[in-house]
Amino acid sequence: MPSRRTPVSIIGLPLEAKNFQVGKTLEEMGFGRHVYTRPVMRKTPTKGTVYYSGILVAVMEDLSAPMPNYISVRGYRVRAIHTG
């Protein structure tokens, strides 16, 4: 049975806003049911220091409608990328 979960990458949310509940906001907008959200962490090439990349991945279930490329999340205009 194919998975009905769709990962949605949210790009452009500043570091201090990463605790915003992006998935809940997408759910309130009517794009499906939010499952979980995780930040994308990267490492610096020389020392391996971990840092926040500015990308949040919200996993949505039963994505009912195609999402626009740009959405507003608590006053921030962010880019939403998904395949599915």
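No experiment lies behind these values; they were computed from the predicted model shown. Sequence order as written defines the numbering, with residues in each chain counted from 1. pLDDT decides what is reported in this predicted model: residues at 70 or higher carry local features, side-chain atom pairs at 80 or more are listed and counted, and totals for whole chains, interfaces and linings draw on all residues regardless. As a convention, hydrogens and water are excluded, and side-chain values are obtained from all of the structure's heavy atoms.

1. Structural notes on the sheet that holds strand β4 (residues 70-73)
Note on pairing: DSSP must find at least two bridges between two strands before they are called paired. What counts as a helix is a DSSP run of H or I of at least four residues, what counts as a strand is a run of E of at least two, and both are numbered from the N terminus. Strand order across the open sheet formed by five strands is β2-β3-β1-β5-β4, with antiparallel pairing between neighbours. Looking at the sheet topology across the chains shown, the edges are occupied by β2 (33-43) and β4. Each adjacent strand pair in this sheet contributes to an overall mean axis angle of 35°, direction not counted. With seven bridges joining them, strand β1 (residues 5-11) and strand β3 (residues 50-61) adopt antiparallel strand pairing. Bridge assignment links Arg 5 to a residue of β3, and that residue is Glu 61. Lines fitted to the C-alpha atoms define the axes, with helices restricted to the stretch that makes contact. Angles between their N-to-C directions range from 0 to 180 degrees.

2. Some thoughts on the packing of aromatic side chains
The aromatic pairing rule takes the rings of Phe, Tyr and Trp, using the six-membered ring of Trp, and pairs them if the centres are within 6.5 Å, calling planes under 30 degrees apart stacked, those over 60 edge-to-face and the rest tilted. The final tally for this structure, using the stated rule, is zero aromatic pairs. Its guanidinium or amino end placed over the ring of Tyr 70, Arg 77 lies 4.3 Å from that ring's centre, counting from NZ or CZ. For a lysine, the NZ atom is tested; for an arginine, the CZ atom; a charge sits over a ring if that atom is within 6 Å of the ring centre and within 35 degrees of the ring normal.

3. Comments concerning the nonpolar core
Note on terminology: a nonpolar core comprises buried Ala, Val, Leu, Ile, Met, Phe, Trp, Tyr and Cys residues joined through side-chain atoms within 4.5 Å. Working definition: with a 1.4 Å probe on protein chains only, accessible area under 20% of the residue-type maximum means buried, over 50% means exposed, and in between means partly exposed. Val 8, Ile 10, Val 22, Leu 26, Met 67 and Ile 71 are the most contacted members of the largest nonpolar core, which has 15 residues in total. Where this core is concerned, the elements lending two or more residues are β1, α1 (22-28), β3, β4 and β5 (76-82). The element best represented in this core is β3, accounting for four residues. Contacts of Val 22, omitting those with residues within four sequence positions, involve Ile 10, Leu 13, Leu 56 and Val 73. We call two residues contacting when some pair of their heavy atoms lies within 4.5 Å.

4. Describing unusual backbone geometry
Phi angles above zero are rare outside glycine, and Asp 62 is one such case at about 55°. Asp 62 gets classed as partly exposed once you look at its relative accessible area, which sits at 37%.

5. Quick look at the pattern of salt bridges
When the charged atoms of two side chains lie near each other, side chains of opposite charge can form a pair. Throughout this description, the term salt bridge denotes a Lys or Arg side-chain nitrogen within 4 Å of a carboxyl oxygen of Asp or Glu. Tallying each qualifying case throughout the model produces three salt bridges. The salt bridge involving Asp 62 is made with Arg 4; its shortest N-O contact spans 2.5 Å. Of this pair, Asp 62 sits in the loop between β3 and β4 while Arg 4 is found in the segment before β1, placing the two residues 58 residues apart along the sequence. Here Glu 61 ties to Arg 5 by a salt bridge, and the two come within 3.5 Å at their closest N and O atoms. Here Glu 61, found in strand β3, pairs with Arg 5, found in strand β1; they are 56 residues apart in sequence, far enough to count as distant. By relative accessible area, Glu 61 is classed as buried at 18%. Judged by its relative accessible area of 42%, Arg 5 is partly exposed. Put simply, Arg 5, Arg 33 and Glu 61 are held in one network by salt bridges that share partners.

Geometric descriptors of this kind do not, in isolation, establish any biological role.
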